[in-house]
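Structural overview
Each chain, letter by letter, is given below.
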Amino acid sequence: MIGAVSLVCLGSLEFSSPGFPFYIMSLMCRIVNGLSSAMMWSSAYPALCSINEDWTDVLAPVIELSIGLGAIIGPPVGSFIYSISGYAVTFYVIGSFEIFLSIIFYFSTFLFIDETMDEKENDDKRSMTALYNLGKSYEIILLSIPFIINVSMIALIDTVLAHYLVNILSMTTDTNGLVFAIQATSFAIANICNLPLPRLGYSGILYAIGPFFIATGGFAFCFQAYFETLQCFTFVCLCLIVISLGSSAIIMNSYLVFDKVLLRIDLATTDNVKLISASWLNILFNSGGIFGAAFFGGVYYHKFGLFATFFTISLLAALTFVMIVFLLHSLSLLRKVYFRKESEASCNGHI
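None of the values given here were measured: they were computed from a predicted structure. All chains use their own residue numbering, which begins from 1 and follows the written sequence. Residues qualify for local features only when their pLDDT is at least 70, as the model is predicted, and side-chain atom pairs are given and counted only at 80 or more; totals for whole chains, interfaces and linings, by contrast, use all residues. Side-chain descriptors were evaluated using all non-hydrogen atoms of the structure, hydrogens and water having been removed beforehand.

1. Let's talk about the overall build of the protein
The helix count covers DSSP runs of H or I at least four residues long, the strand count covers runs of E at least two residues long, and both are numbered beginning at the N terminus. Scanning the protein for helices and strands turns up 13 helices and 0 strands. Ordered by position from the N terminus, the helices and strands of the protein form the series α-α-α-α-α-α-α-α-α-α-α-α-α. To sort residues, take the accessible area from a 1.4 Å probe on protein chains only and compare it with the maximum for the residue type: under 20% means buried, over 50% means exposed, and anything in between is partly exposed. Put simply, the protein has 351 residues, and 42% of those count as buried. When contacts within the protein are restricted to residue pairs at least 6 apart in sequence, those whose partners lie at least 24 apart make up 79%. Computed with a 1.4 Å probe, the accessible areas rest on the Shrake-Rupley method; for each residue, only the protein chains presented here act as cover. For the protein, the computed accessible surface area is about 18,100 Å², with 70% contributed by carbon and sulfur atoms. By definition in these notes, contact holds between two residues if any of their heavy atoms fall within 4.5 Å.

What follows is the structure, encoded as structure tokens:
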């Protein structure tokens, strides 16, 4: 609901006067919109898991698949509404649709009310206290690096790639949009392929190889600096597809991997692990987005150039791949692992 209202307000800015007030109001709308996204990101996974614990190993892939599908559907739908109605109406339509969905979701939650929810309030308070302790764990800090690098790469692509496509490769705006559509489609397809893998026990392995694909796609993108024949639409799309595969492997499996590690190092219990991991991943996602867009897409990019920036993030991803393999191996997460309920864990001797 908060995000929907911010979208309606953002559309109304078309009728405001230009100048400093316009910039301030635009910034405020985006901050509120970011706040709503953070609230949904951190609450969706634990809320849905509380309905049925048997869904734990498939909910994270389904959530990320929904994000990928939204990234595919959003641009053409938004462009179509904009082409026939203009800027303001586009935001009005999308914002109104979100308000409608928020109302439907609010009333539908009464069908899944947990009668023990009041008993869990104290657990939730302890969960927030435990969240502050994650920064003291070297396992969690090291485990967070692939996620931050992944989001930083995505933020860099969103920030600087359009300029490269239009000004260096002389692509039209239509072709430019097609490149990002292919990236979103490849991410969604990778998410679909990932759906059954967590249930098969491959979450740890996939989380480890994610940085490898990001590094491979990033290094390949840098080849364009030395081979002009590679400066073309097809090669850029191939690089983005490889990066999207790595991004999907990290994001789709991050929930279960963090759940496992938090339980193994006794920083969470089976009652609050989903809330803690989802909240921590929300912090990582936003931190990586800021770091990738502001530092790599801003300061670093303007000082060293596009290919040097891609090379740097790719090098960090490659080093992270080596580090995360050793870390997950030490935690016994490079073999087949599953998220079991507490009762099953006690019977089997491990989680």
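From this point, things continue past the structure.
2. A word on unusual backbone geometry
Unusually for a residue other than glycine, Asp266 sits at a positive phi of about 60°. Tracing the backbone shows Asp266 in the loop between α10 (233-264) and α11 (273-304). You can call Asp266 exposed: its relative accessible area is 65%. Even without being a glycine, Ser332 presents a positive backbone phi close to 60°. Position of Ser332 among the secondary structure elements: in the loop between α12 (306-330) and α13 (342-348). Judged by relative accessible area, Ser332 falls into the partly exposed class, the value being 33%.

3. Points about the packing of aromatic side chains
By convention, a stacked pair of Phe, Tyr or Trp rings (six-membered ring in the case of Trp) has centres within 6.5 Å and planes under 30 degrees apart, an edge-to-face pair has planes over 60 apart, and any other such pair is tilted. Summed over all chains, the structure comprises 14 aromatic pairs. On the basis of an interplanar angle of 85° and a centroid distance of 5.1 Å, the ring pair of Phe291 and Phe296 is categorised as edge-to-face. Looking at Phe296, the relative accessible area reads 4%, which means it is buried. A connected cluster of aromatic rings, assembled from ring pairs, spans Phe291, Phe295, Phe296, Tyr300 and Phe304. Its end group placed over the ring of Phe304, Lys303 keeps NZ or CZ at 5.7 Å from the ring centre. We call a charge positioned above a ring when the Lys NZ or Arg CZ atom is no farther than 6 Å from the ring centre and deviates by at most 35 degrees from the ring normal.

4. A few points about α10
Expected span, for any helix, means 1.5 Å times one less than how many residues it has. Here α10 is 32 residues long and its end C-alpha atoms lie 46 Å apart, about the 46 Å a rise of 1.5 Å per residue gives. At any given residue, the bend is defined as the angle formed between two axes, one fitted to the seven residues that end at that position and one fitted to the seven that begin there. Residue Ser254 marks the point of greatest curvature in α10, where the axis turns by about 50°. Counting buried residues along α10, 25 of its 32 residues qualify, which places the element largely inside the surrounding structure. Count one or two residues on from α10 and you reach Asp266, which has phi positive near 60°.

5. Here's the deal with the confidence of the model for the protein
Looking at the protein as a whole, its pLDDT mean stands at 76, while 72% of the residues score no less than 70. Mean pLDDT per element in the protein: α13 is the minimum at 39, and α12 is the maximum at 93. Think of pLDDT as the predictor's per-residue confidence, scored from 0 to 100. Note on residues 115-122: pLDDT is under 50 here. Beyond four places in sequence and across chains, it has 1 contact. pLDDT under 50 marks residues 341-351. Its contacts with residues more than four places away, or in other chains, come to 14 contacts.

6. Considerations on a nonpolar patch on the surface
Patch rule: a residue counts if its relative accessible area is over 30% and it has no salt bridge; like charges are joined within 9 Å, and nonpolar side chains (Val, Leu, Ile, Met, Phe, Trp, Tyr) within 5 Å. Definition used for salt bridges: Asp or Glu carboxyl oxygen within 4 Å of a side-chain nitrogen of Lys or Arg. On the surface, a nonpolar cluster with roughly 510 Å² of combined accessible area is contributed by Phe20, Ile24, Leu27, Met28 and Ile31. Counting through the fold element by element, Met28 comes out in helix α2 (residues 20-51).

7. Overview of the packing of helix α9 (residues 203-222) against α10
To describe two helices that pack against each other, one gives the angle between their axes and the distance between the axes. What counts as an axis is a line fitted to C-alpha atoms, over the stretch in contact for a helix, and the angles between N-to-C directions run from 0 to 180 degrees. The contact between α9 and α10 brings their axes to 7 Å, and the two run at 155°. The angle between the axes of α9 and α10 places the two elements in the roughly antiparallel class. Between α9 and α10 lies a crossing whose hand is left-handed. Classes in brief: Ala, Val, Leu, Ile, Met, Phe, Trp, Tyr, Cys and Pro nonpolar; Asp, Glu, Lys and Arg charged; the others, Gly included, polar. In terms of residue class, the contact of α9 with α10 is built from 18 nonpolar, 10 polar and no charged. These descriptions rest on fixed angle ranges, namely under 35 degrees for roughly parallel, over 145 for roughly antiparallel, 65 to 115 for roughly perpendicular, and the rest for oblique. Each crossing gets its handedness from the near helix: less than a right angle anticlockwise from the far helix is left-handed, clockwise is right-handed.

8. Remarks on the packing of helix α6 (residues 138-167) against α12
Contact pair α6 / α12: the axes reach a minimum separation of 10 Å and the direction vectors enclose 160°. Regarding the angle of α6 to α12, the classification is roughly antiparallel. The element α6 and its partner α12 pack so that their crossing is left-handed.

9. Observations concerning the environment of Phe223
If you trace the backbone, Phe223 turns up in the loop between α9 and α10. Distance in space between the C-alpha atoms of Phe223 and Phe311 is 9.7 Å, their sequence separation being 88 residues.

10. Overview of the nonpolar core
Nonpolar side chains in soluble globular proteins tend to end up buried together. Core analysis: the biggest nonpolar cluster contains 54 residues, and Leu143, Tyr207 and Phe310 have the highest contact counts within it. Contributing elements (two or more residues each) for this core: α6, α9, α10, α11 and α12. The dominant element in this core, judged by the number of residues it contributes, is α10, at 13 residues. Those residues in contact with Leu143 that sit more than four places away from it in its chain are Tyr207, Val257, Phe258, Val261, Ile324, Leu327 and Leu328. Think of a nonpolar core as a cluster: buried Ala, Val, Leu, Ile, Met, Phe, Trp, Tyr and Cys residues, connected wherever their side-chain atoms sit within 4.5 Å.

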